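These are the residues of each chain, in order.
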Amino acid sequence: MSFTVTEIVDNQRCIEDISKMSSYSSLAAKHLNQRHGNTYKRYYTNPQLEECYNKDQLIEQVHTTFPWCRVDKVHNVYATHMYGLYLLRREEIRLETGAADCEMTLYHVTTEQRAKESLEHGLDWRRTKRSRFGRGVSFSDDADYADYFADNRTGEVKRVIMVCTVLVHKTSTKIVKPNSGLSIPPENADTTMSPNGRVYVKYNDYEFYPLHFVYYERRLEDLSMSRYFNKNHKNNFKNGQLLPTTAERYEHQRQNELLRRQKQQKQDELLRRQRQRQNEFLKQQEQKRYFEQTRRQEQQRKQHQYNHQLNIQQRTRNERNNGCLIL
């Protein structure tokens, strides 16, 4: 099927030069615009991100499995060439199997930098360093699961939930053992799953496409709120003892915080009383010094008055003695 430029460009709000795009890329761009629900068409020759204005429904979808996710913003992904190859692979699967519905909406969590790099290179399974359930690109139908088990080695708190449409044709029924290093899915399947059914691993290129980037901040305290925190064997046991559940842990933290506040209040009260006693002692010492100074001053005044009277009496006696001598 071919399209002319006139048929594709039905308005003047084109971002890039349409002449640079092939007819198939134009068809992919048209289909992508419809999928994002745009009222006017956007055609990009390079991968682009654009703010999603109808994000409430998407955020609600993420909050279904990841309710404490603090969403910062949501972007629509426009990678026309990548999406065109995805559409081609989808049609191939539909022609091979006759199945009309082979798409699933799955989540992949990564850092913001890696998410933007994937616009140019895609989610390349050859760059995978963590392959617990197979050397491919891992997805999950649970955003909480995808966030909890995402790579923590980078230390970056700015994360992106890549909301992807994934082609799942044939899933292997063979249980994949963790860390088995599986690189080719068994039973001629294109997808393998983890034993708990939460992880889907894709091994072929262009069988997935990131429709949206959901930006959020990942905090350490949020990890303990995950439903999978106590299901992780590394968190469940320590020295052979079962660790408390999340509710028990929070209750313990609340009790510790209450005890800490009570202890702090007692220390503050004790300090207040000590300061009060110290102020009273200083006040008493000041009064004693004042009374002592007043007493000395009074004694000095009386002594001075007494000396003055003695001087007068002595002078009077002297005058009388001198008068008697004259007579």
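An account of the accompanying structure is given in this report. (Residues numbered from 1 in each chain as written. Predicted model: local features only at pLDDT ≥ 70, side-chain atom pairs only at ≥ 80, totals over all residues. Heavy atoms only, no water.)

Describing the overall build of the chain
Worth spelling out the cut-off: Helix numbers and strand numbers start at the N terminus; a helix is a DSSP run of H or I with at least 4 residues, a strand a run of E with at least 2. When accessible area is computed with a 1.4 Å probe and restricted to protein chains, residues below 20% of their type maximum are described as buried, those above 50% as exposed, and intermediate ones as partly exposed. Using the Shrake-Rupley algorithm and a 1.4 Å probe, accessible areas are obtained, with residue cover drawn only from the displayed protein chains.
Secondary structure summary: the chain contains nine helices and 10 strands in total. By the burial criterion, 35% of the 327 residues in the chain qualify as buried. In the structure as shown, the chain presents an accessible area of about 21,500 Å², 50% of it carried by carbon and sulfur atoms.

Focus on the pattern of salt bridges
Put simply, the rule is: Salt bridges are identified by distance alone: a Lys or Arg side-chain nitrogen within 4 Å of an Asp or Glu carboxyl oxygen.
Per the stated rule, a full pass over the model turns up 21 salt bridges. Between Arg-35 and Glu-103 there is a salt bridge, with the nearest N and O atoms lying 3.3 Å from each other. Taken together, the residues span a long stretch of sequence, with Arg-35 in helix H2 (residues 23-35) and Glu-103 in strand S3 (residues 103-111) at a distance of 68 residues. By relative accessible area, which is 22% here, Glu-103 ends up partly exposed. Here Asp-190 makes a salt bridge to Lys-202, at a shortest N to O gap of 2.6 Å. Here Asp-190 is found in the loop between strand S5 (158-167) and strand S6 (191-193), whereas its partner Lys-202 is found in strand S7 (residues 199-202), with 12 residues between them in sequence. Of the residues examined, Asp-190 reaches a relative accessible area of 6% and is grouped as buried.

Topic: the nonpolar core
Quick note on the threshold: Nine residue types can take part in a nonpolar core, namely buried Ala, Val, Leu, Ile, Met, Phe, Trp, Tyr and Cys, and a core is a set of them joined through side-chain atoms within 4.5 Å.
Tyr-83, Phe-139, Met-162, Val-166, Tyr-209 and Phe-213 are the most contacted members of the largest nonpolar core, which has 29 residues in total. Elements supplying a minimum of two residues to this core: H2, strand S2 (71-78), helix H4 (80-97), helix H5 (112-121), strand S4 (137-140), S5 and strand S8 (208-217). Ala-150, Val-163, Val-214 and Tyr-216 belong to the second-largest nonpolar core, a separate cluster that totals 17 residues.

Description of H4
How we decide: By definition here, a helix of n residues has an expected span of 1.5 Å times n minus one.
Helix length check: H4 (18 residues) gives 26 Å between terminal C-alpha atoms against 26 Å at 1.5 Å per residue, within 8%. Every buried residue of H4 is accounted for by Thr-80, Met-82, Tyr-83, Gly-84, Tyr-86, Leu-87, Arg-90 and Ile-93. Just downstream of H4, Gly-98 is the residue with a positive phi angle, here 75°.

Section: the packing of aromatic side chains
The condition that has to hold: Pairing of aromatic side chains requires ring centres within 6.5 Å, counting the rings of Phe and Tyr and the six-membered ring of Trp. Pairs whose planes differ by under 30 degrees are stacked, by over 60 edge-to-face, and all others tilted.
In this structure the tally under the stated criterion is nine aromatic pairs. Each ring, one from Tyr-83 and one from Tyr-86, has its centre 5.8 Å from the other, and the planes form 25°; the classification is stacked. One end of the pair, Tyr-83, and the other, Tyr-86, are both in helix H4, three residues apart, so they sit about a helical turn from each other. Like Tyr-86, Tyr-83 is buried. Grouped by ring-pair contacts, the aromatic residues Phe-66, Trp-68 and Tyr-216 constitute a single cluster.

Brief notes about the pairing of S5
We count it as follows: By this definition, two strands are paired if DSSP reports at least two bridges between them.
Across the 10 residues that make up S5, a large majority, nine, are buried. Here nine bridges tie S3 to S5, and the two strands are oriented antiparallel to one another. Of the residues in S5, the one forming a bridge with Val-109 is Ile-161. Both S5 and S8 contribute to a ladder of nine bridges, which runs antiparallel. Counted as the bridge partner of Lys-158 is Glu-217 from S8.

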